[in-house]
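Below are the chains, spelled out letter by letter.
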Amino acid sequence: MRLVSVAGGRSRRAAEEEEEHPPHPSHHSNHQFTSMKKKFFNELTHLPNHKLKMPMWAVGAIVVVVLALIVCMGFCIYKKCCSEGKKPKKVRERKGGRGRRKKDKDGEEGDDKKEGEDGKEDEEKENLGKLEYSLDYSFTDNQLIVGILQAQDLAAMDVGGSSDPYVKVYMLPDKKKKFETKVQRKILCPVFNETFTFKIPYSELGGQTLVLQVFDFDRFGKHDVIGEIKIPMNSIDLAQPIQEWKDLVGGVKEEQEKLGDVCISLRYVPTAGKLTINIMEAKNLKKMDVGGLSDPFVKVVLQHNGKRLKKKKTSVKQNTLNPYFNESFSFEIPFSQIQKLQVVITVYDYDKLGSNDAIGKCWMGYGASGVGLRHWSDMLANPRRPVAQWHTLQTEEEVDAALKAPIR
């Protein structure tokens, strides 16, 4: 009982003191902040992470990082939404300005550009050069005689500022007979002075066109067209001989026609001085007859220093584009001559009524390049052994021009 009375007296005294001295507001607020802080950290300690024994500073860092990411994402979204509304206007303004400026310039300079383009075209035509030729028709022999005289100021096609020109002459649409001049080396004003004859009845001449094409010869690649002249025969009067200059115009090289392939075997025995050439077979030959076939045979010619030494030919195979020959020819060639020997192979289409037409040619030996050179080298490197090789046929004009060209 005494203890209860003492406790009651103390509580009464504390109540009287509080009435006389009320608590300070700041002290009360500090007490509330402290209690909330303790409560917050007490709850954090009871999170699942506490089971992993994560320190308090790590939990605080995670909270700060998450808040920072949320702020950054919000800022980016806001900036993107604002910029999308402004960009299209600026882009349209820029494009519109450029378009207006271009239209104004086109309006002011349109005439100048047209004049400049015309001037450039004229310059290109003049830069190709010009060709002097002659035409004469023999009514008694039904022959058109074409003379290739000379050329001037040809376009330079080689790196050194020069060209190796020659002229190809043929008739359209027939294209059956073609001629070529000799190659003139490293010159832009060549003199040819060569004539070619086409046997054409005058009644058929009007529907044809004479083509004079000037090429730049390239021993190791395709020949480039410098320019050409096309002369419709119904537009000229052949009652009198014609001799005139004409400017070359840009020409397009004819698409290479596939003529076929021929398989040849070479064998040389140095001790006996014996060269054996076996014409084995041919395939995919060009169709020369009306029925879509050909009557092929092969002619073999040996040349030394530009002179023909010997020639042989195979039998004719009737109505086929893939003939099988397997015919061998032996020649006595001493080792002193074999180094500068040239073997020229020509595949012909046999014609009973007229002249035989050449389907294509190939050659090997001294001065050859590509497959022709490799085949010849393999034969010399393997004496007494036959070496077989397929050769792609080329036009007669191309092979003849290569044979006439001086060897570098």
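Quick note: structure is the one above.
This report concerns the structure included in the present document. Quantities reported herein were computed from a predicted structural model and do not represent experimental measurements. Per chain, residue numbering runs from 1 following the sequence as it is written. Local features in this predicted model are restricted to residues whose pLDDT is 70 or higher, and side-chain atom pairs enter the listing and the counts only when it is 80 or higher, whereas totals over whole chains, interfaces and linings include all residues. Working from all heavy atoms in the structure, the side-chain values ignore hydrogens and water.

Side note on unusual backbone geometry
You will see that Asn-284, though not glycine, has its phi angle at about 55 degrees, which is positive. Helix and strand definitions follow DSSP, with helices as H or I runs of at least four residues and strands as E runs of at least two, each counted in order from the N terminus. Among the structural elements, Asn-284 can be located in the loop between β10 (274–283) and β11 (296–304). When its relative accessible area of 51% is taken as the criterion, Asn-284 is described as exposed. Backbone geometry at Arg-384 places phi at a positive 70 degrees, although glycine is not the residue there. Along the chain, the position of Arg-384 falls in the loop between α6 (371–381) and β16 (387–392). A simple rule labels every residue: compare its accessible area, found with a 1.4 Å probe on the protein chains alone, to the largest value its type can have, and call it buried under 20%, exposed over 50%, or partly exposed in between.

Digging into helix α7 (residues 396–404)
Among the residues of α7, Glu-397, Glu-398, Val-399, Ala-401, Ala-402 and Leu-403 are the ones counted as buried. In this analysis, two residues are considered to be in contact whenever any of their non-hydrogen atoms come within 4.5 Å of each other. Considering only its buried residues, α7 is in contact with β4 (178–180), β11, β14 (341–349) and β15 (357–365).

Overview of the pairing of β15
Of all nine residues that make up β15, eight are buried, and the element is covered over most of its length. Strands pair, by our definition, only if DSSP identifies at least two bridges between them. In the sheet, β14 pairs with β15 via eight bridges, with the strands oriented antiparallel. Residue pairing for β15: Val-344 is matched across the bridge by Trp-363.

Observations regarding the sheet that holds strand β12 (residues 307–313)
Here four strands make up an open sheet; going across it, the order is β12-β11-β14-β15 and the pairing antiparallel. Sheet topology places β12 and β15 at the edges, where each strand pairs with a single neighbour. Taken pair by pair, the neighbouring strands of this sheet meet at an average axis angle of 20 degrees, ignoring direction. As defined by bridge partners, β11 adjoins β14 across nine bridges and the pair is classed as antiparallel. By the bridge assignment for β14, Val-301 is matched with Val-344. Taken strand by strand, α6 contacts β14 and β15, and its axis lies near 50 degrees from that of β15. Packed on one face of the sheet, α7 meets β11, β14 and β15 and runs near 35 degrees to β15. Axis lines are fitted through C-alpha atoms, for helices just across the contact stretch, and the angle between N-to-C directions can take any value from 0 to 180 degrees.

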